[in-house]
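A closer look at the structure
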Amino acid sequence: QVQLVESGGGSVQAGGSLRLSCAASGRTFSSYAMGWFRRAPGKERDFVAAISWSGGSTSYSDSVKGRFTISRDNAKSTVYLQMNSLKPEDTAVYYCAAGNYGLTFVSFWGLGTQVTVSS
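A word on the state of the cysteines
- Summed over all chains, the structure comprises 1 disulfide.
- The disulfide bridge from Cys22 ends at Cys96, spanning 2.1 Å between sulfur atoms. Across the disulfide from Cys22 to Cys96, rotation about the S-S bond amounts to roughly -85°, and the bridge is consequently left-handed. Placement of Cys22 in strand β3 (residues 18-25) and of Cys96 in strand β9 (residues 92-99) is noted, with a sequence separation of 74 residues between them.

Next comes the structure, spelled out in structure tokens:
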């Protein structure tokens, strides 16, 4: 079992930056690919970014590529999402996820953290 707790959300003006963190409990953190999804108001939950168990491979949605960076620290059982050049359309609840490579199957979800970007 892995429990995921997100932090770092908040309100920021367009063009600003935020860094999300996801702290995981459980001894098997390093064996999971990790990632982030988001759900904007009135929309479905969408993939944002993923990182392999070793951190050697990452993937991003086209909408955040070049602006967001995912990383992980297995010693701290934490995954991060650095979000730069934020846009109002990035406003959403951001969820941390643990699962298979590429996160086509998610085994564990966090409860989410709100990110609001104002114009």
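Structural notes on the pattern of salt bridges
- If you walk through the whole model with that rule in mind, you get 3 salt bridges.
- A salt bridge links Asp62 to Lys65; the shortest N-O distance between them is 3.3 Å. When sorted by exposure, Asp62 lands in the same class as Lys65, which is exposed.
- Salt-bridge contacts for Arg67 lead to Asp90; the nearest nitrogen and oxygen are separated by 2.7 Å. In this pair, Arg67 is assigned in the loop between β6 (58-60) and β7 (68-73) and Asp90 in the loop between β8 (78-83) and β9, connecting sequence segments 23 residues apart.
- Given the relative accessible area of 11%, Arg67 is considered buried.
- For Asp90, a relative accessible area of 0% gives the class buried.
- If you follow the salt bridges from partner to partner, you end up with Arg38, Arg67 and Asp90 in one network.

Here's the deal with unusual backbone geometry
- Even without a glycine there, the phi angle at Ser77 is positive, about 50°.
- Within the secondary structure, Ser77 sits in the loop between β7 and β8.
- With a phi angle near 50°, Ser85 is a residue other than glycine that sits in the positive phi range.
- By relative accessible area, which is 40% here, Ser85 ends up partly exposed.

About the criteria used
Residues numbered from 1 in each chain as written. Predicted model: local features only at pLDDT ≥ 70, side-chain atom pairs only at ≥ 80, totals over all residues. Heavy atoms only, no water. Disulfide = S-S within 2.5 Å. Helix = DSSP H or I, 4+ residues; strand = E, 2+ residues; numbered from the N terminus. Salt bridge = Lys/Arg side-chain N within 4 Å of Asp/Glu carboxyl O. Buried < 20%, exposed > 50% of the residue type's maximum accessible area, 1.4 Å probe, protein only.

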